[in-house]
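The primary structure of each chain is shown beneath.
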Amino acid sequence: ALDVAHFKNALKQFQKLVEKKVTQKTEERLGLYVKDDDEIDYDKFYETVQALFGPEIKDCNVKAFFRKISSNLDAKTEWCEIFGYFIVESDAISSQLNEENTVFLVSQKQQITHAGVKRRDVIKGIVKVPHLDFTVTSSQKGVLTVFNNQKGINLHGRPSLASLFFFHQDTAWVTGCDFLTQLKRVVAVTERTVIVWDYKSKGSQSNCFVIKPMENGLLCVCTVTASDHLAKDNILMGDDGGYVNLLTVTSDDFGLKQSKAKKQSQFHVLDSKNFKIVKRKLHDDWVMKVKYISDLNCFGSCSIDSIHSFVLGDIKRLEDNMPVKEFSVPKGVNAFTYCGKSNVIVTGG
């Protein structure tokens, strides 16, 4: 009975913690919040949850829930998000997926699995590369995969997918990915790093570069397709400080010519201070998505910020303080896309 009473009290304390965080976030968005010793950041939130429910609570569940209430102030508390999910024996599909460490399912019930992939992983980014006819994906726990559609037909008469994957073993979550058209590399971002992976290297010859540290937590990434420089790519990244960052990378930065002669596995950590990075604060809250729209020759970025919800501007505006086009949407914008045929931009809150 004492354990039950203690648990009920812990739930009440947890609900008060959530309400306090939501109130703090609301005041921040209204510009009314004044920082003090009672400020609830992620570290304080995590320590409080651990104190209430013990070390059995998984770090990933706490982190996901904290992000949820920070981005959606009206979100309801689902206890399974904190305490995890339990698989019922009759749920054959869920049980099978858990046992086989599945990343995701594709059409025609073709199951894609990797033996080294951590369980309960989710896909955070999917990018189609039309001119090379393959698809790049990134999972939250660090799996970068290239699915090549040019491998023909399998024995069952279905298109076969040849996958090459790289497992970035780090505690930080991968938040997005894209493809570097000029350097022909896969780029992905975590909370504090930028990953550049040579997808053509296989097995023991895997070649990966990690650029760190980044000042703020990176939440999204895309490449700028306008560059006609054969050895240079521009990368746009949105972060949790409301900044849109522009990172320029060249073949010289990674020593690609020299690395071709090396056959052993290459994992390089590069200092971000040695790269050209420009940024501009365009939002007062998290940047949820950034995308370069080649038809308009500009980039777009969106945020859960109710005042600076959606921004449209030339890449050059990141290097100066000249005005950009911006739109306000109550409760902000979580996603957007551009339709070239209709010449319209659609946003989703």
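Residues numbered from 1 in each chain as written. Predicted model: local features only at pLDDT ≥ 70, side-chain atom pairs only at ≥ 80, totals over all residues. Heavy atoms only, no water.

S.K.: Please provide a residue-by-residue account of the nonpolar core, values included.
M.R.: Val194, Ile211, Ile235, Met237, Leu247, Val249 and Phe254 are the most contacted members of the largest nonpolar core, which totals 18 residues. Counting residues per element, the ones that place at least two in this core are β8 (185–190), β9 (194–198), β10 (207–212), β11 (218–224), β12 (232–239) and β13 (243–250). Those residues in contact with Phe254 that lie beyond four places of it in its chain are Leu183, Val196, Phe209, Ile211, Val249, Leu270 and Phe275. (Core = buried A, V, L, I, M, F, W, Y, C linked by side-chain atoms within 4.5 Å. Buried < 20%, exposed > 50% of the residue type's maximum accessible area, 1.4 Å probe, protein only. Helix = DSSP H or I, 4+ residues; strand = E, 2+ residues; numbered from the N terminus. Contact = heavy atoms within 4.5 Å.)

S.K.: With reference to specific residues and values, describe the environment of Glu81.
M.R.: Looking at the secondary structure, you find Glu81 in helix α4 (residues 79–83). Separated by 18 residues in the primary sequence, Glu81 and Lys63 place their C-alpha atoms 10.0 Å from one another. With residues up to four places along the chain from it excluded, the contact list for Glu81 reads Asn61, Phe65, Lys68 and Lys76.

S.K.: Could you give an account of the packing of helix α2 (residues 42–53) against helix α3 (residues 59–71), naming the residues involved and the relevant values?
M.R.: α3 packs onto α2 with a crossing angle of 125 degrees between their chain directions and a minimal axis gap of 10 Å. Taken together, the axes of α2 and α3 are oblique relative to one another. Handedness of the α2/α3 crossing: right-handed. Residues Tyr42, Phe45, Tyr46, Val49 and Gln50 of α2 form the contact with α3, whose participating residues are Asp59, Val62, Lys63, Phe65, Phe66 and Ile69. Classifying every residue of the contact of α2 with α3 gives eight nonpolar, one polar and two charged. (Axes fitted to C-alpha atoms, helices over the stretch in contact; angles between N-to-C directions. Parallel < 35°, antiparallel > 145°, perpendicular 65-115°, else oblique. Left-handed = near helix turned anticlockwise from the far one by under 90°. Nonpolar A, V, L, I, M, F, W, Y, C, P; charged D, E, K, R; others polar.)

S.K.: Describe the sheet that holds strand β16 (residues 287–293), listing the residues and the values that go with them.
M.R.: If you trace the four strands from one edge of the open sheet to the other, you get β16-β17-β18-β19, paired in antiparallel fashion. In this open sheet, the two edge strands, each paired with only one partner strand, are β16 and β19 (325–327). Direction aside, the axes of adjacent strands within the sheet are offset by 15 degrees on average. Pairing between β16 and strand β17 (residues 298–303): six bridges, direction antiparallel. Bridging from a neighbouring strand, Val290 pairs with Ser301 of β17. (Pairing = 2+ DSSP bridges.)

S.K.: Tell me about the pattern of salt bridges, residues and numbers included.
M.R.: Pairing is possible between side chains of opposite charge, provided their charged atoms come close. According to the stated counting rule, one finds nine salt bridges in the structure shown. Arg67 serves as the salt-bridge partner of Glu191, at 3.1 Å between the closest nitrogen and oxygen. Here the residue Glu191 occupies a position in the loop between β8 and β9, and Arg67 occupies one in helix α3, the gap between them amounting to 124 residues. The pair Glu191 / Arg67 is uniform in exposure class, with both members buried. Close ionic contact of Asp133 with Lys128 constitutes a salt bridge, the shortest N to O distance being 3.4 Å. Several salt bridges share partner residues, and in doing so they unite Lys25, Glu28 and Asp285 into one network. (Salt bridge = Lys/Arg side-chain N within 4 Å of Asp/Glu carboxyl O.)

S.K.: Before we move on, can you summarise the packing of aromatic side chains with the specific residues and values?
M.R.: Throughout the structure, instances matching the rule amount to twelve aromatic pairs. Judged by centre distance (5.5 Å) and plane angle (80 degrees), the rings of Phe134 and Phe179 are edge-to-face. Pair noted here: Phe134 is in strand β4 (residues 134–139) and Phe179 is in strand β7 (residues 174–180), with a separation of 45 residues, a long-range link. With a relative accessible area of 2%, Phe179 lands in the buried category. The residue whose ring lies beneath Lys63 is Trp173, and the NZ or CZ to ring-centre distance is 4.9 Å. Cation over ring: Lys281 sits above Tyr243, and NZ or CZ is 5.3 Å from the ring centre. (Phe/Tyr/Trp six-rings, centres within 6.5 Å; stacked < 30°, edge-to-face > 60°. Lys NZ or Arg CZ within 6 Å of the ring centre and 35° of its normal.)

S.K.: Could you give an account of the side chain of Ser272, with specific residues and numbers?
M.R.: In this structure, Ser272 sits in the loop between β14 (266–271) and β15 (276–281). The contact partners of Ser272, leaving out residues within four places of it in the chain, are Ile211, Lys212, Pro213, Met214 and Ile277.

S.K.: An account of the confidence of the model for the protein chain is needed here, citing residue identities and associated values.
M.R.: On average, the protein chain scores 79 in pLDDT, and the residues at 70 or more come to 77%. Long-range and interchain partners of residues 86–110, a stretch whose pLDDT sits below 50, account for 36 contacts in this model, where long-range means more than four residues apart. In the model, residues 257–263 has pLDDT below 50 throughout and makes three contacts with residues more than four positions away in sequence or in other chains. (pLDDT = per-residue confidence, 0-100.)

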